[in-house]
Amino acid sequence: MNTEITGVIAMFILLLLLAIPLGRYIGKIFTNEKTWADKIFTPLDNLFYKLSGINSSTQMNWKQHLLALLTINIVWFLLSMLVLTNMSWLPLNPDGNPSMSADLAFNTTVSFISNTNLQHYSGETGMSYLGQLVLMLFQFISAGCGMAACAVVFVAMKERTTDQLGNFYFYFVRSCTRILLPLSLVLAIIFLFNGTPMTFEGKDTTTTLQGDTVQVSRGPVAAFVAIKQLGTNGGGFYGPNSTHPLENPNYFTNTVETVAILLIPVAMVFALGYILKRKKLAWVIFGVMLLGFLLLLVPSIITEVKGNPAITTLGIRQPMGSMEGKEVRFGAAASAYWAINTTCTSNGSVNAMHDSMTPATGMFAMLGMMVNAFFGGVGVGFLNFYIFIILAVFISGLMVGRTPEFLGKKIEAKEMKIAMIIALLHPFLILVGTAIASHIYAHNPTAYAAWLNNPGYHGFSEMLYEYTSSSANNGSGFEGLGDNTPFWNISCGIVILIGRYLPIIGPVAIAGMLANKKFVPESAGTLKTDTGTFGLMVFAVIAIVAALSFFPALALGPIAEHFSLK
């Protein structure tokens, strides 16, 4: 077990060693400074601009940025619906997989264009290779859109008065070609050499050790897994996701995939420090995120390593910890570490079944998504955190009798109204959705018995987790829930759409309005936002506004289940 803990610590240290220089590189990409990638990718970027008729030097205000983002997402939505509902007769379908129903195609499409990647289907049987390739493209696009929106906010936070915030397509294309593409290429090669398939051939016939003949699904898996991890997408090529031995063959690939989950979200924080020339502010933000992350991670690892108390009471030893739903090649500690990594970001990939984890770990995984600001998704993680910064600045200003200011811009009623709407939207979507589903099930459990394999406390947790994952654009699930039904496909799809785009629109609008205001130089009365004290204030706001909103729901689910095991 000590070896497992050492592995977790080594993965986190490796993450920091890679994320800090990557953050500086991302900062240079967004500020259009010279990098090693210019000679390779500038011709590619120019080709995209030429084919699409885009002038990447045209300056946009915040409204134009949002219009561009929403427009291209609508186009990709229509393309995906066309492909997914017609896969059966389209090319690249060697295994003859069927087309999707309209409700499942809707859920899958909005899930992948929104960086959620919630999968109500099993990839190897529910998707053709063409469908997988389209979804792989969307994993680049959705991550690139999140990074571009974050770049707009970074630029808006600079100390000057302007409504010209760069060009959305410039940020978007460079995010895809100069950050996501080269990193994905490196990871895909690593996976390929470790046994992950990369082919367009159909199923392979294999004879097992006990003499059975089985059909093993293959496909362009290595490329798919690379961007799924780096872009905090999380959609698996196979139904079991990264628990599948061909999607995550060994402990080395598990380490690479685990580090990849947090790599860009952490790097974006340091990119902020580089762009604004405020490294201290970046470290304060990183410290707050890290504190929240560790408060979820440490008890999760301890709980999983100790084992399931219900099994202990049967007199069964658990020297490897709680191993239900986990892979022996990874172990309890590494699985718990992945679980918190994937739910504190909007990744959602799994290397163990979250439904089988102890109730406490399941709760901490849900809390990571409920807060949705401890690192978060690529780009959008900081946008969520930015809302809490605005709230903390405003509350702090009221407490000390000063006009709320952030980076030289006064925060007034309009910005606060938007911030509060966005902050309350997340719990509203999760709790209302869970309440509706619980009402439907409770009033007709016979008709909807297929929904829940585990009624009672755990069944409630399964429904709560599904809407939490949808609203947080995470995509993981408690897989005891029978979710491929019109109700779950449509309701989760609606929650995904609202939970993705309003939390992008809100922060971009606030940042754009603040950027257009008169810059006020710092004075003796200015509230310092790059101190540990302010960091603790932000953490307190997150705990009160976000985490405590969900306590009653958690008490009905994982908390009640936890005490029922004693």
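Anyway, here's the lowdown on the structure attached to this text. (Residues numbered from 1 in each chain as written. Predicted model: local features only at pLDDT ≥ 70, side-chain atom pairs only at ≥ 80, totals over all residues. Heavy atoms only, no water.)

## Brief notes about the environment of Val 152
- Counting through the fold element by element, Val 152 comes out in helix α6 (residues 129-156).
- Sequence separation between Val 152 and Leu 295 is 143 residues, and the spatial gap between their C-alpha atoms is 31 Å.
- Ignoring any residue separated from it by four or fewer positions in sequence, one finds Val 152 in contact with His 65, Leu 165, Tyr 171 and Val 508. (Helix = DSSP H or I, 4+ residues; strand = E, 2+ residues; numbered from the N terminus. Contact = heavy atoms within 4.5 Å.)

## Describing empty space enclosed by the protein
- Across all of its chains, the model carries 8 cavities of 30 Å³ or more by this definition.
- Estimates place the volume of the largest cavity at around 280 Å³.
- As for the largest cavity, its lining consists of 22 residues, of which Asn 372, Asn 384, Ile 422, His 426 and Pro 503 are closest to the centre.
- Counting residues per element, the lining of the largest cavity draws most heavily on helix α15 (residues 413-443), at 5 residues.
- Classifying every residue of the lining of the largest cavity gives 13 nonpolar, 8 polar and 1 charged. (1 Å grid on protein atoms, 1.4 Å probe; cavity = no way out; pocket = protein on both sides within 12 Å on 5 of 7 lines; lining within 4 Å. Points joined across faces, edges and corners; volume = space filled by probe spheres on them. Nonpolar A, V, L, I, M, F, W, Y, C, P; charged D, E, K, R; others polar.)

## Some points on the packing of helix α16 (residues 457-471) against helix α17 (residues 486-515)
- Between α16 and α17, the least distance of the axes is 7 Å, while the angle of their chain directions is 40 degrees. With respect to α17, the axis of α16 lies oblique. Contacts between α16 and α17 involve Met 463, Glu 466, Tyr 467, Ser 470 and Ser 471 from the first element and Phe 487, Trp 488, Ser 491, Cys 492, Val 495, Ile 496 and Gly 499 from the second.
- Per-class residue counts for the contact of α16 with α17 are 7 nonpolar, 4 polar and 1 charged. (Axes fitted to C-alpha atoms, helices over the stretch in contact; angles between N-to-C directions. Parallel < 35°, antiparallel > 145°, perpendicular 65-115°, else oblique.)

## Here we look at the packing of aromatic side chains
- If you walk through the whole model with that rule in mind, you get 28 aromatic pairs.
- Relative to Tyr 171, the ring of Phe 30 lies with its centre 5.9 Å away and its plane at 85 degrees, an arrangement referred to as edge-to-face. Of this pair, Phe 30 sits in helix α1 (residues 2-30) while Tyr 171 sits in helix α7 (residues 168-193), and the two are 141 residues apart along the sequence. Assigned by exposure class, Phe 30 and Tyr 171 land together as buried. (Phe/Tyr/Trp six-rings, centres within 6.5 Å; stacked < 30°, edge-to-face > 60°. Buried < 20%, exposed > 50% of the residue type's maximum accessible area, 1.4 Å probe, protein only.)

## A look at unusual backbone geometry
- For Asn 372, which is not glycine, the phi dihedral falls at a positive 60 degrees.
- Looking at where Asn 372 falls in the secondary structure, it is placed in the loop between α13 (359-371) and α14 (380-400).
- Its relative accessible area of 10% is what places Asn 372 among the buried residues.

## Brief notes about the layout of surface pockets
- Taken as a whole, the largest pocket spans an internal volume of roughly 540 Å³.
- Lining the largest pocket are 17 residues, with Phe 48, Trp 76, Ile 141, Phe 172 and Val 173 sitting closest to its centre.
- Considering each element in turn, the lining of the largest pocket owes the most residues, 6 residues, to α7.
- Its residues assigned to classes, the lining of the largest pocket shows 15 nonpolar, 2 polar and no charged.

## Concerning α13
- For α13, which comprises 13 residues, the first-to-last C-alpha distance of 18 Å matches the rise-based estimate of 18 Å (1.5 Å per residue) to within 8%.
- Taken across its 13 residues, α13 has 13 buried, putting it largely inside the fold.
- Two residues or fewer after α13 comes Asn 372, characterised by a positive phi angle close to 60 degrees. (Expected span 1.5 Å × (residues − 1).)

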